[in-house]
Amino acid sequence: MRTSDFYYELPPECIAQQPSEKRDASKLMVIDRITGKIEHKHFFDVLDYLNPGDALIINTTRVLPARLFGNFADTGGKVEILLTRPMKDDDVWEAMTKPAKRLKVGRVVDFGQGLSGEIVQAFDEGLRAIRFMSLNSSVSEDFERLGSLPLPPYIKEKPKDEKRYQTVYADQTGSSAAPTAGLHFTPELLNKAKQKGIIVLPILLHVGLGTFKPVQSERIEDHKMHSEYFEIPGQTKQEIIKVKENGGKIFAVGTTSVRTLESAIDKNGDFLFTKGNTDIFIKPGYKFKAVDALITNFHLPQSTLLMLVSAFYDRKAMLKAYETAVDEDYRFFSFGDAMLIL
């Protein structure tokens, strides 16, 4: 298939610049894959579509304040980096860099307040490996103090509350972007789910460079995904097995939860492993093994995320649903509205 097969027109005013006033007050488009029926609801209605014994899979990753600004130690020139993933140890990180051409191996960048970094390896596409050195207690604490949240480039306004770019259940720092489908959940909504008998299960996938990398190949089959780290707790594994055995459904919150489960489970429903790195690229033609329903946001044209949701439903039907969303004034992308595909 061609990348252009996943293009759609989106008026700029449809891109949400701020989150909704309340997390669960966003709109929710509900799609029945069998009938093609579309309903227009609010996110607080989502539990109406889950039954006792179903499982809700949430990604507990927390967004790292991954954007850092510094200066070359020798010339004072400005440098901007975006941390994408840890490498050999917590002090060596892969990062997207500007200006990449000047960030050669051996150059040192001063980020202020006792934090500096030396370029130790150069990769393609502006990627560098940076060894960080701190005069303070730890590099991670410096990141928290000096870094800023790496908001996507289509968000032109700083959020009034940066906590809205974290899920309410985020607890393991390591992502370069938020798992945005989870931004709609509130503690109250999760409590209601549990009271209804819905099993809320955590997994972990640290969102990395793949989120930022556009599909540049003409054929989608030629696109290569970057690897991302995931973990599935033992309790989550056991509960998923029970849910499947008892006839319940697995509702994945976001494409990160989908990619985690589909990486770990084989066609027979057995777990191959529960932690590691995945570069799975889910596109039309993929046969899903673990996930029965998907909660997701509206994704960028020609993105791997749009290809994933098209694989879960149908490409033409999904693009038609996106046209409907534009007509119905849905808000798109990270701070936008949600979709439930049943």
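Each value, and the rule that gives it
- Residues numbered from 1 in each chain as written.
- Predicted model: local features only at pLDDT ≥ 70, side-chain atom pairs only at ≥ 80, totals over all residues.
- Heavy atoms only, no water.
- Helix = DSSP H or I, 4+ residues; strand = E, 2+ residues; numbered from the N terminus.
- Rg over C-alpha atoms; globule rule 2.2 N^0.38 Å.
- Buried < 20%, exposed > 50% of the residue type's maximum accessible area, 1.4 Å probe, protein only.
- Contact = heavy atoms within 4.5 Å.
- Areas by Shrake-Rupley, 256 points an atom, 1.4 Å probe, with all protein chains shown as cover.
- Lys, Arg positive; Asp, Glu negative; His and termini not counted.
- Charge placed at Lys NZ, Arg CZ, Asp CG, Glu CD.
- Core = buried A, V, L, I, M, F, W, Y, C linked by side-chain atoms within 4.5 Å.

Caption draft 1: Region of interest: the overall build of the protein. Looking only at helices and strands, the protein has six helices and 17 strands in total. In terms of C-alpha radius of gyration, the protein reaches 20 Å, essentially the compact-globule figure of 20 Å for 342 residues. Taken along the three principal axes of its C-alpha coordinates, the protein extends 65 × 45 × 40 Å. Counting all 342 residues of the protein, 54% fall into the buried class. Sequence separation of at least 24 residues holds for 70% of the intrachain contacts in the protein that already meet a minimum separation of 6. For the protein, the accessible surface area stands at approximately 15900 Å², while carbon and sulfur atoms represent 49% of it. Positive and negative charge centroids in the protein, built from 45 and 46 side chains respectively, lie 2 Å apart.

Caption draft 2: Region of the structure containing the nonpolar core. Counting 64 residues, the largest nonpolar core has L261, Y322, F332 and M339 as its most contacted members. Other than its neighbours up to four places away in sequence, F332 contacts Y8, L10, C14, I15, A16, F298, Y322, A325 and V326. The next biggest cluster of nonpolar side chains, apart from the first, holds 23 residues, and it includes L189, I198, I295 and A338.

Geometry only, nothing functional implied.
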